[in-house]
Amino acid sequence: MDVKQDGKRIIAFDNMKGLLILLVVFAHILKNKAIADPIVIGIYLFHMPAFIFISGYFSRGIQARGGYSLLRLLIIYLVFNGLMMIVFGYKNPNAIEPYYVMWYIMCLIVWRLIAERLSKIKHILMLLVLAAIICGMWTSIDNSFAISRIIAFSPFFMAGYSVDKEMINSIVLLKNKRHLIIGILLALLATGVGILAYNKFAFTVDNLTMDPYDNIIDVFERITTFLISSAAIFTMLVIVPNKPVPLVSKIGRNSLGIFLCHRPITIITARHLPLMQLSQLLLVSATITVGLCIVFGSDFVNKTINAFFNIATDIVLGKNVADVRFAGIVKLVLMVLATILALLPVISIVWR
């Protein structure tokens, strides 16, 4: 029975991740298009908090927080952040600031390192929420090493990490009418609050990616964001099916490949999209989104990515996690350089 429940729960989270990664790609294409601002802001209000909640839930196992897994994440970060810096930040390279979506990998490493210790602190979620609200008051707590996002998004990670398994089962597996009604009401309430907040506070993407505050109003924006995000997460858990959904389940299961590979293409695509009406822009963006998710969410792409980083991690490691080999690090650097050289034709096109 437990195996069956675990399977249904994983499928439900795959469906949730699939929907979220579609929204991530869609929002990145629409980003910086003034005509689509309300839609982008609406997505940014909850899509990353929900993803982070799921990441927290799947970080509960020892393997996810083990040395091999953390080293693998670090290698993923160094490779992809390095490539993003070379392609898009070559004019003003910044080694301490994650480029574009790479902040999430940096955050995940830190959260997994400290999650178990934090979970033993009484009232930790309340303390983390307070820290998330207060940290925006210091301009020095910025995106250097993703520190602002590590602090500000940590409540969502720890909520997923700490949530009771039986509670998740009752919401995701049983889907009783009471939960469904509460979820729908919360969704309607969150939508209404979101519309009012957008008109009242004039949200920007910077506000929602947890940059330091510009003024005191930003404090209330962050509090509102947390409330809306929490309601959206519960609603998605209640509504998302626990049976496979064509395409959505697969891209959710293979969301890592989409997450790592989509951003350069969406940046270039957004730059070259011509001016068009909102309906046309949404249709074109949705078509590109589905195409990118099908390609980068394929089993082939994800098996290739996982195999590459498994090999890279094995090269760096000796016989165990404590035995990090200098020769292995040199080999890894050479592998990264070889990858960059292979991508030089694409890089040269972007530079033009």
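It should be emphasised that the depicted structure is a prediction, and the values quoted were computed from it without experimental measurement.

K.L.:
Whenever I open this one, a nonpolar patch on the surface confuses me. Can you help?
P.N.:
A cluster of nonpolar side chains, namely Ile121, Met126, Leu127, Leu130, Ile134, Met137 and Trp138, defines an oily patch on the protein surface of about 700 Å² accessible area. On the secondary structure map, Ile121 appears in the loop between helix 5 (103-119) and helix 6 (124-134). Residue Ile121 is classed as partly exposed on the basis of its relative accessible area of 39%.

K.L.:
Teacher, can you tell me more about the pattern of salt bridges here?
P.N.:
Where side chains of opposite charge bring their charged atoms close, a pairing between them can arise. Under the criterion given, the structure shown has four salt bridges. Among the ionic pairs, Glu116 bridges to Lys120, the shortest N-O distance being 3.4 Å. Here the salt bridges share partners, and the residues they tie into one network are Arg65, Glu116 and Lys120.

K.L.:
What is the right way to read the packing of aromatic side chains from this model?
P.N.:
Each pair of aromatic rings is reported with the distance of its centres and the angle of its planes. One pass over the full model with this rule turns up 12 aromatic pairs. Measuring from ring centre to ring centre gives 5.0 Å for Phe308 and Phe309, while their planes differ by 90°; the resulting arrangement is edge-to-face. Looking at Phe308, the relative accessible area reads 25%, which means it is partly exposed. Residue class for Phe309 comes out buried when judged on its relative accessible area of 3%. An aromatic cluster is built from Trp103, Tyr104, Phe153 and Phe259, whose rings are joined through pairwise contacts. The residue whose ring lies beneath Lys17 is Phe58, and the NZ or CZ to ring-centre distance is 5.7 Å.

K.L.:
Can you help me understand the side chain of Thr266 in this one?
P.N.:
Structurally, Thr266 is set in helix 14 (residues 255-272). Separated by 2.9 Å, the side chains of Thr266 and Arg263 make a polar contact. Those residues in contact with Thr266, other than ones at most four positions away along the chain, are Val25, His28, Ile29 and Leu292.

K.L.:
Could you clarify how one ought to interpret the packing of helix 3 (residues 47-57) against helix 5 in this entry?
P.N.:
What describes two packed helices is the angle between their axes and the distance between those same axes. The geometry of helix 3 relative to helix 5 is characterised by a closest axis approach of 12 Å and an angle of 35° between their N-to-C directions. Here helix 3 and helix 5 pass one another in a crossing that is right-handed. When helix 3 is examined against helix 5, the residues Met48, Phe51, Ile52 and Ser55 are found in contact with a partner set consisting of Trp103, Tyr104, Leu108 and Trp111. Taken together, the residues that form the contact of helix 3 with helix 5 break down as seven nonpolar, one polar and no charged.

Rules used in this analysis
- Residues numbered from 1 in each chain as written.
- Predicted model: local features only at pLDDT ≥ 70, side-chain atom pairs only at ≥ 80, totals over all residues.
- Heavy atoms only, no water.
- Patch = residues over 30% accessible without salt bridge, like charges linked within 9 Å, V, L, I, M, F, W, Y side chains within 5 Å.
- Areas by Shrake-Rupley, 256 points an atom, 1.4 Å probe, with all protein chains shown as cover.
- Salt bridge = Lys/Arg side-chain N within 4 Å of Asp/Glu carboxyl O.
- Helix = DSSP H or I, 4+ residues; strand = E, 2+ residues; numbered from the N terminus.
- Buried < 20%, exposed > 50% of the residue type's maximum accessible area, 1.4 Å probe, protein only.
- Phe/Tyr/Trp six-rings, centres within 6.5 Å; stacked < 30°, edge-to-face > 60°.
- Lys NZ or Arg CZ within 6 Å of the ring centre and 35° of its normal.
- Polar contact = N/O pair within 3.5 Å; in protein donor to acceptor, adjacent residues only side chain to side chain.
- Contact = heavy atoms within 4.5 Å.
- Axes fitted to C-alpha atoms, helices over the stretch in contact; angles between N-to-C directions.
- Left-handed = near helix turned anticlockwise from the far one by under 90°.
- Nonpolar A, V, L, I, M, F, W, Y, C, P; charged D, E, K, R; others polar.

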